[in-house]
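Here is what each chain is made of, one letter per residue.
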Amino acid sequence: MTDASNRAPICARPPASGGGASMAAAVDSGLATSPDAQAVFSRIAEQYDRFNAVSSLGIYRHWLRVLVDEAEKAVDQRRSVQPPRVLDLAGGTGEVAFALVRRMSDIQVVLSDFCRPMLDVAAERCRAGVITRAQAGRIQFVQADARQLPFADASFSALTCAYGIRNIPERDRALAEAFRVLEPGGSLLICEFSTPPAAAWRRLYHLYLQTMIPLLGGLLTGERAEFHYLRDSIRAFPHQRAFCEMLLAAGFADISYRNLTGGIVALHKAVKR
Ligand SMILES: C[S@@+](CC[C@H](N)C(=O)[O-])C[C@H]1O[C@@H](n2cnc3c(N)ncnc32)[C@H](O)[C@@H]1O
């Protein structure tokens, strides 16, 4: 297990039709879902991207770039598998999936989330042209619960998950599923809000979480209560090393993490051996 923090910052229906014929595929995972997170994200889906951009002061784009850099390295190691397939788990409105197909011209991406309105926004963004039609043609939308994925064993070269894992109550089940669907040698990349190690930065960040997240969320979406949930889910998420332990328990090897923006976000990497 490696702490890279001291290095330089290493619904059961398809989304609304359109956005490219190849994007319409959807699968019902058939599992009763967690009503809290699903209800929260259903209510804020339309405003989610704007909230993300504003509340992170635009830093979200930097975190996204780092995640996609790492995904590219992971896919490069698996080029022998044709074509490389990447699963973006809890992919929401598609930001990570879009960045992946923009960066890598030969990959297929499955954008999976259990919240239909988030996938609908992603499909709408495709129709609006945030990516080209050819790029959109390499994304498949699948509505599924991360705790019971409708994919065959060993079917992905890499798996990304950005800001999704903390919303999943039974994380061990989601990690076991991630392990199952990855090929041997495949990489798991999880980007999540975390715990800044420096006390002063941590206090400032927690003050921001406490006050600004519900305030901004309320102003931008009119749904202030939902942002109490999001804030609390961030604070309750295990710190970096504790999450490494969860990855280890799920069977992953070569586990490391890298703090971004002083540990506000951590990017965990792990490999299925
Ligand atoms: C904060 S959003 C992140 C979306 C996207 N990954 C991004 O970077 O913008 C969290 C996402 O996790 C999804 N989610 C929460 N619990 C889930 C579960 N059990 N299975 C699948 N998706 C889930 C939500 O629907 C939501 O779209």
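The coordinates are above.
An account of the accompanying structure is given in this report. (Residues numbered from 1 in each chain as written. Predicted model: local features only at pLDDT ≥ 70, side-chain atom pairs only at ≥ 80, totals over all residues.)

Some words on helix α2 (residues 48-55)
Logical step 1: Taken together, the buried positions of α2 are occupied by Tyr48, Phe51 and Ser55. For α2, the angular spread of buried residues about the axis comes to 65 degrees, placing them on one side. (Buried ≥ 20, exposed ≤ 12 C-beta atoms within 10 Å, placed from the backbone. Helix = DSSP H or I, 4+ residues; strand = E, 2+ residues; numbered from the N terminus. Arc of directions from axis to C-beta.)

Points about the site of the ligand
Logical step 1: Every one of the 21 residues lining the ligand counts as a neighbour, but Ala90, Gly92, Phe114, Cys115 and Ala162 are closest to it.
Logical step 2: Secondary structure elements with two or more residues in the shell around the ligand: α1 (35-44) and α4 (95-103).
Logical step 3: When grouped by side-chain class, the residues that make up the shell around the ligand number eleven nonpolar, six polar and four charged. (Near = placed C-beta within 6 Å. Nonpolar A, V, L, I, M, F, W, Y, C, P; charged D, E, K, R; others polar.)

With respect to the pairing of strand β5 (residues 156-162)
Consecutive residues of a regular strand have side chains that alternate between opposite faces of the sheet.
Logical step 1: Extensive coverage of β5 is indicated by the burial of seven of its seven residues.
Logical step 2: In the sheet, strand β2 (residues 85-89) pairs with β5 via four bridges, with the strands oriented parallel. Looking at β5, one finds that Leu89 is bridged to Cys161.
Logical step 3: Bridge count for β5 against strand β6 (residues 182-193) is six bridges, and the pairing is parallel. Across the sheet, the residue bridging to Thr160 is Leu189, located in β6.
Logical step 4: Between β5 and its parallel partner β6, the chain crosses via helix α7 (residues 171-181), and the hand of that crossover is right-handed. (Pairing = 2+ DSSP bridges. Right-handed = clockwise from strand over helix to strand, strands pointing away.)

Examining the packing of helix α3 (residues 60-76) against α4
Logical step 1: Running from amino to carboxyl end, α3 crosses α4 at an angle of 50 degrees, the nearest separation of the two axes being 10 Å. By the angle class used here, α3 and α4 are oblique. Where α3 crosses over α4, the two elements pack in a sense that is right-handed. Only Glu95, Val96, Ala99, Leu100 and Arg103 of α4 make contact with α3, whose side of the interface consists of Leu64, Leu67, Val68, Ala71 and Glu72.
Logical step 2: Split into classes, the residues belonging to the contact of α3 with α4 amount to seven nonpolar, no polar and three charged. (Axes fitted to C-alpha atoms, helices over the stretch in contact; angles between N-to-C directions. Parallel < 35°, antiparallel > 145°, perpendicular 65-115°, else oblique. Left-handed = near helix turned anticlockwise from the far one by under 90°. Contact = placed C-beta atoms within 7 Å.)

Honestly, it's all geometry; don't read function into it.
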